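Residues per chain, in single letters:
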Number of protein chains: 2
Amino acid sequence: MDLKSLIRDIPDFPKPGIIFKDITPILKSPEAIQYCIDALAAPHMNQSIDYVVGIESRGFLFGPAIAAKLGAGFIPVRKRGKLPHRTRVVNYDLEYGSDSLEIHEDAIEANSRLLLTDDLLATGGTMKATIELVTPFSPHIVGVSLLVELAFLNGSAQLDNIPIHSLVQY
Amino acid sequence: MDLKSLIRDIPDFPKPGIIFKDITPILKSPEAIQYCIDALAAPHMNQSIDYVVGIESRGFLFGPAIAAKLGAGFIPVRKRGKLPHRTRVVNYDLEYGSDSLEIHEDAIEANSRLLLTDDLLATGGTMKATIELVTPFSPHIVGVSLLVELAFLNGSAQLDNIPIHSLVQY
């Protein structure tokens, strides 16, 4: 499926000079949603994934559907102050400023097999923070699953050689 | 499936006196995720839904999966400043303060059949704002789909007699 034809370039969002990749036309297409769920899950079907870890907000869009397809659970990573139970926090720099991410401190059993997911990898700061967030659980991070990878920003260099699978690359 | 056993009460979150219903144990369970996707979609399988409209952030967790199951598209409603293209905005009061929601102004064709979804209905303010947000598209709002309904808060009274389907009621 030609997903690139369903990704809309929005110039100067969220700030001047950035060309934002708008995936809402993918979401709007029933065929594209189903294709993305299937294609994002496919490489991981026989990897005994225990949990798909998805990053708020757009990592929530496909994460639970991928988890269901893999017979895995879904663990949310959220912005600060959103998770109700006790959390651990990581502060990080990102392309457009700085931010914090949290995970419930009882979210994941030791030695679980994890698939990390988000809609888009840019400079890799958010995904790197997520790796840092889950590391104390002593997980086996099997892969990183992405709808879109901005390969020209070389975010993969931040990800400790964890295998990356993305459906669209720029 | 006994979903209530997978909902954790968190007292005094996000503020004193509120008992927050934490659905992360549902998300963590592979069986519960699959059950919720199937059970949320089931009543709408033959209703020719064009689009599932989901509210950031937790409405993103099941919305796209429900859409895929229904052969529908997914339309995100987001907090202010998150959607990259031109938007329409609705300001509203909610249980814990006030907020704004946005939708892309070209998101939905006139006369589309919509299913609105979120994880939880409390006082109904957020869902009411979403109805207001989509109304200019002249839609047929077929239903509101919820994981959890806090029926004691009577949020359904805000929803213009649109049929509500929830998996768990308190």
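So, here is what we can say about the structure in this document.

What counts, and at which threshold
Residues numbered from 1 in each chain as written. Chains lettered and ligands numbered in written order. Predicted model: local features only at pLDDT ≥ 70, side-chain atom pairs only at ≥ 80, totals over all residues. Heavy atoms only, no water. Contact = heavy atoms within 4.5 Å. Salt bridge = Lys/Arg side-chain N within 4 Å of Asp/Glu carboxyl O. Polar contact = N/O pair within 3.5 Å; in protein donor to acceptor, adjacent residues only side chain to side chain. Helix = DSSP H or I, 4+ residues; strand = E, 2+ residues; numbered from the N terminus. Nonpolar A, V, L, I, M, F, W, Y, C, P; charged D, E, K, R; others polar. Least-squares fit on C-alpha atoms with pLDDT ≥ 70 in both. Buried < 20%, exposed > 50% of the residue type's maximum accessible area, 1.4 Å probe, protein only. Core = buried A, V, L, I, M, F, W, Y, C linked by side-chain atoms within 4.5 Å. Expected span 1.5 Å × (residues − 1). Phe/Tyr/Trp six-rings, centres within 6.5 Å; stacked < 30°, edge-to-face > 60°. Lys NZ or Arg CZ within 6 Å of the ring centre and 35° of its normal.

## Observations concerning the interface of chain B and chain A
Taken together, the contacts link 41 residues of chain B with 41 residues of chain A. Put simply, chain B and chain A have four salt bridges between them. In this assembly, chain B and chain A are joined by 13 residue pairs in polar contact (both at pLDDT 80 or more). Elements with a contribution of two residues or more to the side of chain B that touches chain A: strand 1 (8–11), strand 2 (19–22), helix 1 (24–28), helix 2 (30–41), helix 3 (59–70) and strand 4 (73–79) of chain B. A breakdown of the residues in the side of chain B that touches chain A according to their chemical character gives 22 nonpolar, nine polar and 10 charged.

## Quick look at the relation of the copies chain B and chain A
Of the transformation superimposing chain B on chain A, the axial component is 0.0 Å and the angular component is 180°, with the fit at an RMSD of 0.0 Å. Taken together, the rotation and translation relating the two chain copies correspond to the operation of a two-fold axis. A shared interface surface links the copies, since 100% of the contact residues of chain B are contact residues in chain A too.

## Observations regarding the environment of Phe-137 of chain A
All names here are of chain A. Mapped onto the elements, Phe-137 comes out in the loop between helix 4 (125–134) and strand 8 (140–149). Here Phe-137 falls in the buried class, since its relative accessible area comes to 6%. Between the alpha carbons of Phe-137 and Ala-110 there is a distance of 5.0 Å; along the sequence they are 27 residues apart. Phe-137 has contacts with Arg-88, Ile-103, His-104, Glu-105, Ala-107, Ile-108, Glu-109, Ala-110 and Asn-111, leaving out every residue within four places of it along the chain.

## Describing the nonpolar core
In this structure, Val-52, Phe-62 and Leu-147 of chain A together with Val-52 and Phe-62 of chain B are the most contacted members of the largest nonpolar core, which totals 63 residues. Excluding anything up to four places from it in sequence, Leu-147 of chain A contacts Leu-3, Ile-23, Ile-26, Cys-36, Leu-40, Phe-62, Asp-118, Asp-119, Ser-166, Leu-167 and Val-168 of chain A.

## Quick notes on the side chain of Ser-166 of chain A
All names here are of chain A. Residue position: Ser-166 is located in strand 9 (residues 164–169). A distance of 2.9 Å separates the side chain of Ser-166 from the side chain of Glu-149, its partner in a polar contact. For Ser-166, the residues in contact, after removing those within four places along its chain, are Leu-146, Leu-147 and Glu-149.

## A closer look at helix 2 (residues 30–41) of chain A
Along its 12 residues, helix 2 of chain A runs 17 Å from first to last C-alpha, staying within 8% of the 16 Å computed at 1.5 Å per residue. The set of residues buried in helix 2 of chain A consists of Ala-32, Ile-33, Cys-36, Ile-37, Ala-39, Leu-40 and Ala-41 of chain A. Of the surrounding secondary structure, the elements contacted by the buried residues of helix 2 of chain A are helix 1 (24–28), helix 3 (59–70), strand 8 and strand 9 of chain A together with helix 3 and strand 4 of chain B.

## Considerations on the packing of aromatic side chains
Under the criterion given, the structure shown has four aromatic pairs over all chains. Between Phe-60 of chain B and Phe-74 of chain B the ring centres are 5.9 Å apart and the planes differ by 90°, which places this aromatic pair in the edge-to-face class. With Phe-60 of chain B in helix 3 and Phe-74 of chain B in strand 4, this residue pair connects regions lying 14 residues apart in the sequence. With respect to class, Phe-60 of chain B is no different from Phe-74 of chain B; both count as buried. Directly above the aromatic system of Tyr-170 of chain A lies the positively charged group of Lys-21 of chain A, at a separation of 3.9 Å from the ring centroid.

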